[in-house]
Amino acid sequence: MPRHAQVTAAEISRLAGVTRATVSNWRRRHPDFPAPTGGTESSPAYDLDAVQGWLAARGQLPAAAPADDLRTALRAAGTPAAMVRLLPLVLAAARMADDDLRQLVDLPDRRLPSRARHLVQPHRDEIPGLTDLTYHPDEAPLLRALLRCVADEGALRAADVLAEVDLDGTSASGRYDTPAPVTALMADLLGEPGKAYPVTVFDPACGAGGLLVAAAQRGAQRLYGQDVVPAQAAQAATRLALHTLGSTTQVSVKVGDSIRADAFEALTAEAVLCAPPYGDREWGHEELAYDSRWIFGLPPKVESELAWFQHCLAHLADGGRAVLLMPPAVAERASGRRLRAEMLRSGAVRAVIALPPGVAPPLHVGLHLWILERPPAVSPPHILVVDTATPETGRSGRSPGRRAQPDWAELCERVVTAWHDFDRHPDTFDAVPGIAQAVAVIDLLDETVDLTPARHVRATPVPSIPDELAAMSDELRSRLRRAATGLITLGGAQPWPPVGSAPLTWRTASVADLLRGGALELLRAPAGSPDDIEIRTGDVILPEHPHGGTGVARVADARDAGTRLGRHLHLVRPDPDRLDPWFLAGFLSSEENVNSASTGTSVVRLDPRRLRVPLLPPAEQQRYGRAFRHLHALRTAAEIAHRLADETARTLAAGLTDGALHPPDGDRTTS
């Protein structure tokens, strides 16, 4: 094991709780800053011990949380593949009494590895893919850091830190972790109002187990998973065991390629959740040509996703349903046209739901959710298509080219409501203008069999009577003018002057430091009962899974007061005599701040305790707070104006194409 771990400049910024620009300034301005000991000229690496010593001498090394200490110990260990061996120790520690765990943490180095090796033996069969469970004497610091993280921050937190290591190249093309908000939506789509949640749920490409965890949280009692990457399967088994501690839930996770070597060949499940790898041309096309799963035909070599569709259907019991996350090309590629047509005719396809770009990797495309059903005796005549994609907002408070992040709670509510309404009454489903539409299967069976939702969701209907349409368009244009005037006013002509030749620097404190000093409270709804925390005016609300960096925090107003804090949210409650809430929200939303306090790659999780806030007097806080509040109003006004502009343009265009409106005179179209 290497004695001297190395860190990059980005890791130094996270370690010290500063921006990368600050680290660059330190390197240029301080001759005693540690010299690089590795890396490359463009991305140098530094000795971790030397960096920590330099930061400590300058008072720039904040007190590390146990999770940070574990990350440091993992970096020093230097062998990513060895981290799988730590997973059974997480599970063993989670099942220990608090006093026993504390005694284990305090064991001397010479005794800790052998004691840990003894403790994990009863749990080795619960985690697949383990071949070596020996712990060596020089690993005692790593074991102690892991156990202390479990004791202080919980076993799930320790498992999350271990999952940050790319153990087996799982970031390879086409294989992504599914973000928690998307797994929650997929799991919700399996539920039916007034009915019990499916008991048996299967994920044949389970990754780290996020979809199965979401199903367990909703009541699934028998969980089955398989993944081709041994480290991912081991993480899935560990997470599921931790989430089901003390329950009677049955968990079985296997290692292997589900398509080529199905570990659950005889399993029929009530439900399947799956986010399979994309674009895999080596899925087994040649050797599986006559496989009995291909009830709609052998998928083309370039259509691995259609092989996963049929594999999932083969594991469904009668009436069972599957929800799969897919790239948008699956809905329209010419090579898959024949199989899509056969699936439609059989009734296997029940819904296709388009998500906005950026909510799940790959972030540049909007993925689709497909709801499939074991083909019924009588094929239903309609499928549901839902389009939730949002357009780019340009420069309205965001960097150029950055997409607007959707209101995820509202999006999920729309999707789930539309699906439940359609599921109950598919033949009399009321379309949701511009969002959801029931489409006749016969209308889809054309020369393209294109199931892309945006091609079938109808635009908002407009009145066909010319006078009514003219009145409606006049009202929209009037509202748009008022919104544009408000936006221009907020944009303002007042300058935002530079501070000088160099940016300001402040002494900062982490949220953890402010917690210890009593300047704020950090609250979060318990996993099982999200109705325990009542929001107050002035609270600052942060999502656990930030999207896009900036603008992640918001200040609760009178409309929020009295409502309950939902899942996947953190609530920061500042002492109003010491912290201005708008000042706090503004700095907590800094992109650099959020990036330095977040962990994970495709599944990004914010640790609010690591966020940092400048230490400014109340009057200066209020000055910054007014500016941040103004920017919030500017963003809100821009979004309102954008929606009104879109609705006005669509209404006027419909009036022109339907023959209900005359075009204006040429000299007035741009006035």
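On a predicted model such as this, the values are computed, not experimentally measured, just so you know. (Residues numbered from 1 in each chain as written. Predicted model: local features only at pLDDT ≥ 70, side-chain atom pairs only at ≥ 80, totals over all residues. Heavy atoms only, no water.)

## Quick notes on the packing of aromatic side chains
Taken as a whole, this structure holds 14 aromatic pairs when the rule is applied. Geometrically, the ring pair formed by Phe33 and Trp54 is edge-to-face, given 4.9 Å between the ring centres and 75° between the ring planes. Highlighted residues: Phe33 in the loop between helix H2 (20-29) and strand E2 (38-39) and Trp54 in helix H3 (residues 48-57), separated in sequence by 21 residues. Across this residue pair, the class does not change: Phe33 and Trp54 are buried. Pairing Phe422 with Phe429 gives two aromatic rings, centres 6.0 Å apart and planes at 80°, and the pair type is edge-to-face. Across the pair, Phe429 and Phe422 agree in class, each one buried. Following the ring pairs from residue to residue traces out a cluster consisting of Trp506, Phe583, Phe587, Tyr624 and Phe628. Above the plane of the ring of Tyr624 lies Arg623, whose end atom (NZ or CZ) is 6.0 Å from the centre. (Phe/Tyr/Trp six-rings, centres within 6.5 Å; stacked < 30°, edge-to-face > 60°. Helix = DSSP H or I, 4+ residues; strand = E, 2+ residues; numbered from the N terminus. Buried < 20%, exposed > 50% of the residue type's maximum accessible area, 1.4 Å probe, protein only. Lys NZ or Arg CZ within 6 Å of the ring centre and 35° of its normal.)

## Concerning helix H1 (residues 9-16)
Listed in full, the buried residues belonging to H1 are Ala10, Ile12, Ser13 and Ala16. Angular distribution of buried residues about the axis of H1 spans 160°; they occupy a single face of the element. Elements in contact with the buried residues of H1: strand E1 (6-8), H2, strand E3 (44-47), H3 and strand E20 (612-614). (Arc of directions from axis to C-beta. Contact = heavy atoms within 4.5 Å.)

## Examining a nonpolar patch on the surface
Taken together, the side chains of Val499, Leu504 and Trp506 define a hydrophobic patch exposed on the protein surface, amounting to about 290 Å² of accessible area. Position of Val499 relative to the elements: it lies in the loop between helix H17 (466-491) and strand E13 (508-510). The class for Val499 is exposed, based on a relative accessible area of 55%. (Patch = residues over 30% accessible without salt bridge, like charges linked within 9 Å, V, L, I, M, F, W, Y side chains within 5 Å. Areas by Shrake-Rupley, 256 points an atom, 1.4 Å probe, with all protein chains shown as cover. Salt bridge = Lys/Arg side-chain N within 4 Å of Asp/Glu carboxyl O.)

## Here's the deal with the confidence of the model for the chain
Parts of the model with low pLDDT should not have their predicted coordinates read in detail. In this model, the chain carries a mean pLDDT of 85, and residues with pLDDT of at least 70 account for 89%. In the model of the chain, strand E18 (residues 598-599) stands out as the element of lowest mean pLDDT, 72, in contrast to strand E4 (residues 200-203), which has the highest, 98. Across residues 167-174, confidence stays below pLDDT 50; counting only partners more than four residues off in sequence or on other chains, it has 15 contacts. (pLDDT = per-residue confidence, 0-100.)

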